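Notes for the structure review
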Amino acid sequence: MTVQLQVPRAEDEDPLVVKRWDYEPKGWERLLKEHGSTDVRASVLDTPPGKREVGTLVVQARA
């Protein structure tokens, strides 16, 4: 059996924005450090000019 989930979207919503549950950058850093990662860095890249309001989360760590 295949289960397909649909993400509800308003008519004017940007289809390129992925709805998901995420941690803030500091939350990612804390979790990764708690699980043994080192050199942990997390930040959000600003959006390019335009109507989009959500940046891109970038997380780096060493195992």
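For the structure given in this document, a descriptive report is provided here. (Residues numbered from 1 in each chain as written. Predicted model: local features only at pLDDT ≥ 70, side-chain atom pairs only at ≥ 80, totals over all residues. Heavy atoms only, no water.)

Inspection of the secondary structure assignment puts Glu29 in helix H1 (residues 25–34). Here Glu29 falls in the buried class, since its relative accessible area comes to 11%. (Helix = DSSP H or I, 4+ residues; strand = E, 2+ residues; numbered from the N terminus. Buried < 20%, exposed > 50% of the residue type's maximum accessible area, 1.4 Å probe, protein only.)

For the structure on display, the rule yields one aromatic pair. With a centroid separation of 5.2 Å and an interplanar angle of 90 degrees, the aromatic rings of Tyr23 and Trp28 are classed as edge-to-face. Owing to a relative accessible area of 32%, Tyr23 belongs among the partly exposed residues under this scheme. Judged by its relative accessible area of 25%, Trp28 is partly exposed. (Phe/Tyr/Trp six-rings, centres within 6.5 Å; stacked < 30°, edge-to-face > 60°.)

The phi dihedral of Asp39 is positive, around 50 degrees, even though this residue is not glycine. If you trace the backbone, Asp39 turns up in strand S1 (residues 38–45).

Next up on the list: the environment of Gly27. Locating Gly27 in the fold gives a position in helix H1. Among the residues examined, Gly27 registers a relative accessible area of 14% and is labelled buried. Each C-alpha atom, one on Gly27 and one on Ala42, is 8.9 Å from the other, the two residues being 15 residues apart in sequence.

Keep in mind these numbers describe shape, not what the thing actually does.
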